[in-house]
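Each chain is listed here by its residues.
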Amino acid sequence: MKHPSFLSKVNKKILLIVCILLAAVVSIPLVFLSSSKLSTTKTYENNTQYNFDQYTNELFASELSSDWLSLHFYLESPEDWNIDTSKPTLGDYSYKSMKESQNYYINQINYLKSIHYNELYPNQQLTYDTLMSSLTSQLDFGDLCLCSEILSPTTGLQAQFPVLLSEYAFNNQNDIDNYLVLLSQVKDYFKKICQFQVTKAKENSFISTFCLDKIVSQCKDFITTDNLQDNLLYTSFSNRISAVDFLNDKEKAEYISKNKDMLQNSVIPAYQLIISTLSDLKQKGYCKNEEGLCKLKNGKSYYEYLAQSYTGSSKNVLEQKAMIQTQLAKDVRTMYSLLNVSPELEEKFSSIKENTQKPEEILKQLSKKAAKDFPIENNYSFDIKYVDKSLENHLSPAFYMAPPIDSSSQNTIYINAASPNTSQNLFTTLAHEGIPGHMFQENYFSDTNPLPIRHLMNFGGYSEGWATYTELLSYNYEYDDEQLAKSLACNASYSLALYSLCDIGVNYEGWNRKKTAKFLSNYSIDDKKVCDSIYEAVVEEPANYLQYYVGYLEIVELKNELLKKYGTEFNLKTFHKAFLSLGPTSFDVAKKWICYFYDRNK
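None of these values were measured; they are calculated from a predicted model. (Residues numbered from 1 in each chain as written. Predicted model: local features only at pLDDT ≥ 70, side-chain atom pairs only at ≥ 80, totals over all residues. Heavy atoms only, no water.)

Looking only at helices and strands, one finds 26 helices and 3 strands in the protein. On C-alpha atoms alone, the protein measures out to a radius of gyration of 24 Å, which is about the 25 Å that the 2.2 N^0.38 rule sets for 602 residues. Considered along the principal axes of its C-alpha atoms, the protein spans approximately 70 × 65 × 50 Å. Across the protein, the fraction of contacts at a sequence separation of at least 24, relative to all contacts at a separation of at least 6, is 80%. Of the accessible surface of the protein, which amounts to about 25300 Å², a share of 47% is contributed by carbon and sulfur atoms. Both charge centroids of the protein, one from 58 positive and one from 71 negative side chains, sit 5 Å from each other. (Helix = DSSP H or I, 4+ residues; strand = E, 2+ residues; numbered from the N terminus. Rg over C-alpha atoms; globule rule 2.2 N^0.38 Å. Contact = heavy atoms within 4.5 Å. Areas by Shrake-Rupley, 256 points an atom, 1.4 Å probe, with all protein chains shown as cover. Lys, Arg positive; Asp, Glu negative; His and termini not counted. Charge placed at Lys NZ, Arg CZ, Asp CG, Glu CD.)

Our focus in this paragraph is the pairing of strand β3 (residues 411-415). Taking burial as the measure, the 5 residues of β3 include 5 buried ones, the bulk of the element. Of the two faces of β3, both are covered, the one formed by N411, I413 and I415 as well as the one formed by T412 and Y414. Here strand β1 (residues 382-386) runs beside β3; their pairing, made up of 5 bridges, is parallel. By the bridge assignment, I384 is partnered in β3 with I413. With 4 bridges joining them, strand β2 (residues 398-401) and β3 adopt antiparallel strand pairing. (Buried < 20%, exposed > 50% of the residue type's maximum accessible area, 1.4 Å probe, protein only. Pairing = 2+ DSSP bridges.)

This paragraph deals with the environment of G460. When you line up the elements, G460 lands in helix α19 (residues 460-473). Since its relative accessible area comes to 6%, G460 is described here as buried.

All told, the structure shown has 40 aromatic pairs when counted by the stated rule. For the ring pair Y44 and Y50, a centre distance of 5.6 Å and an interplane angle of 80° mean the geometry is edge-to-face. Measuring from centroid to centroid gives 5.4 Å for W593 and Y596, while their planes differ by 90°, and the two rings are edge-to-face. Here W593 and its partner Y596 are both found in helix α26 (residues 587-601), 3 residues apart, which amounts to about one turn of the helix. A network of ring pairs unites the aromatic residues F374, Y462, W466, Y469, Y566, F570, F575, F579 and Y598 as a single cluster. Stacked on the ring of Y179, the Lys or Arg R240 has its end atom at 5.2 Å from the ring centre. Seen from the ring of Y508, K300 lies directly overhead, with NZ or CZ sitting 4.7 Å from the centre. (Phe/Tyr/Trp six-rings, centres within 6.5 Å; stacked < 30°, edge-to-face > 60°. Lys NZ or Arg CZ within 6 Å of the ring centre and 35° of its normal.)

Below, the discussion takes up helix α15 (residues 359-370). Given a rise of 1.5 Å per residue, 12 residues ought to cover 16 Å, and the 16 Å separating the end C-alpha atoms of α15 matches this to within 8%. P359, I362, L363, L366, S367 and A370 are the residues of α15 that are buried. The buried side chains of α15 occupy one side of the element, clustering within an arc of 140° when seen end-on. For α15, exposure combined with an orientation more than 90 degrees from the buried face picks out K364 and K368. Contacts made by the buried residues of α15 are with β1, β3, α17 (426-433) and α20 (475-478). (Expected span 1.5 Å × (residues − 1). Arc of directions from axis to C-beta.)

Turning our attention to the side chain of Q160. Mapped onto the secondary structure, Q160 falls in helix α7 (residues 157-166). Among the polar contacts listed, one links the side chain of Q160 to the backbone oxygen of T155, at a separation of 2.7 Å. (Polar contact = N/O pair within 3.5 Å; in protein donor to acceptor, adjacent residues only side chain to side chain.)

Before going further, it helps to examine the confidence of the model for the protein. Model confidence for the protein is summarised by a mean pLDDT of 90, while 92% of its residues fall at 70 or above. This stretch, residues 1-39, has a pLDDT under 50; its non-local contacts, to residues over four places away or in other chains, come to 139 contacts. (pLDDT = per-residue confidence, 0-100.)

This next bit is on the packing of helix α1 (residues 47-65) against helix α4 (residues 101-113). Remark: α1 packs on α4, axes separated minimally by 12 Å, with the N-to-C direction vectors making an angle of 165°. By the angle between their directions, the pair α1 and α4 is classed as roughly antiparallel. Read as a crossing pair, α1 and α4 show a hand that is left-handed. On α4, the residues that touch N51, F52, Y55, L59 and E63 of α1 are Y104, Q108, Y111 and L112. Taken together, the residues that form the contact of α1 with α4 break down as 6 nonpolar, 2 polar and 1 charged. (Axes fitted to C-alpha atoms, helices over the stretch in contact; angles between N-to-C directions. Parallel < 35°, antiparallel > 145°, perpendicular 65-115°, else oblique. Left-handed = near helix turned anticlockwise from the far one by under 90°. Nonpolar A, V, L, I, M, F, W, Y, C, P; charged D, E, K, R; others polar.)

Take the side chain of Q138 next. Mapping Q138 onto the fold places it in the loop between α5 (122-137) and α6 (141-144). What makes Q138 buried here is its relative accessible area of 18%. Polar side-chain contacts of Q138 include one of 3.5 Å to the side chain of S137. Separated by 2.6 Å, the side chains of Q138 and Y305 make a polar contact. Among residues more than four places away in sequence, those in contact with Q138 are Y105, Y305 and S309.

A few words now on the sheet that holds β3. Taken together, 3 strands build an open sheet; the order of strands is β1-β3-β2 and the sheet is mixed. A single partner strand is all that each edge strand has here, and the edge strands are β1 and β2. Between one strand axis and the next, the sheet turns through 20° on average, direction left out of account. Taken strand by strand, α15 contacts β1 and β3, and its axis lies near 140° from that of β1. Its contacts with the sheet put helix α18 (residues 438-446) on β1, β2 and β3, and the angle it makes with β2 is roughly 15°.

Residue P436 is reached from I435 by a cis peptide bond, and omega for that bond is 5°. Turning to its location among the elements, P436 is positioned in the loop between α17 and α18. Backbone geometry at S524 places phi at a positive 65°, although glycine is not the residue there. Within the chain, A543 stands out as a residue other than glycine whose phi angle is a positive 70°. Tracing the backbone through its elements, the reader meets A543 in the loop between α23 (528-540) and α24 (544-566). Taking relative accessible area as the criterion, A543 reaches 0% and is therefore assigned buried.

The interhelical angle for the contact between α1 and α5, taken along N-to-C directions, is 45°, at an axis separation of 11 Å. Considered as vectors, α1 and α5 are oriented oblique to each other. Crossing of α1 against α5: the hand is left-handed. Contact residues: Q49, F52, D53, Y55, T56 and L59 in α1; Q124, T127, Y128 and L131 in α5. The residue makeup of the contact of α1 with α5, split by class, is 5 nonpolar, 4 polar and 1 charged.

Applying the stated criterion to the full structure yields 0 disulfides. Take C219: it sits in no disulfide, and the sulfur closest to it among the cysteines is that of C194, at 8.8 Å. Looking at C219, the relative accessible area reads 0%, which means it is buried. (Disulfide = S-S within 2.5 Å.)

This is the structure in structure tokens:
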């Protein structure tokens, strides 16, 4: 459905869902983690620096060894990184482990506090600050975890899982064997997820009817085919097996047969279990809350936790709301001003044609045009892929997948050809996911040789905020008409602001459908289907829009602070270099370090 004068896409980069297990850092001999991208030789001035690297390397190995799906996407050769590869596992997912996670975070924070911060070299201090920010932001999760949800229509595990498995690289025979072991565990892993759904239901923390129906529909779409051989996980496996050169034809046929057995006996039953469990809970009347997160027990507190952990902003929900409202008012004023000066913009705006260029051509154009504002020096190799038809109705318009950090493999950008929002503006979509968005950001930071643990720390506000920031700038690269480009960027910002305010209104302030529609009517949005679509989107993915828009606004605020500090000496490309050099982190940490990296990049 096209939303009139609205940007409705949410280009969610695929994130691997990892449940952090209880862990204690133990003392083991330091083994320098090695890779093609990371230096193995370091000079230390004191034991504090040496011990900090040891600690973060152990933490890196511990986190990945508990979740092999993540491990394989982060590392091509885990055996080179002092990681035990003998027991492939999807990890643990249980209410108990979530409740007890607070002990883990407290232990890590206490250990960090024992470190002599001033004795660390600068990149270690930045890693320390980022780790501390990440750990403290998670402290409340254990008390609020019943409000958390691993199943959701767009970013839920059941939606991501088929894509992740279809992208699982087979670099050697061991990879294939491990993949099949992981497939054999899918049913038991999903059983734990279903047990958690039952616990949520009994504690009156269950999902809405419309959210449940979409998840069930999605699961049915994925497993319901006339022929198993048409299933994505059958065809993608067969294609990968056919392409390897270390197996003979007989071995390939045997593996294809084993994969078919795993699909029949583990994966498909796992999705059937989700369908039956959710359907049964719905039938028993557990879908009691058809409104926002704040209507659940501890839901408002959980939303506060989400708003800060998703965005990486230290601003509370109401401060974030004020920030959004200020930008919305500014965008409205800008649009009125542009239309007053150039009334013909309205006609231009409504008559924009679909971009018919190929994705590769667009990315090449973006690389060339964005180079004046961004430090784009390399030609990044990438694959453009299209979302499988069985997933088209449920996944985002596009998403980016990074290669392993120890690999020279290509980047991957997925495009959902069925999404109307993709065709509306493929150019800005690829700016968001590719260059100068996620793909460029990921590769630039990786080239700075960060400590390995930095690759595992996800700060949605930093990453999605950056991608949104570059997306809005990209209108200038697509259109030569400066006023048209500015009006389109304002409209996109305006749309995201309205979605974000609805997100807060529904999930934090308790708006129902009627109140949401009334709010939107103030901005000339009266179509009931559109209002319902927005309402359901923010109920299904609470705080999701905030990481995009609040993250974007925090970057703009950071840029304005440096503009004020450096005045006429401020350089936009230098600011972008500095921000990218920081790597994913919270905005408090970014504000602390941005001038250091700006001055260093001058």
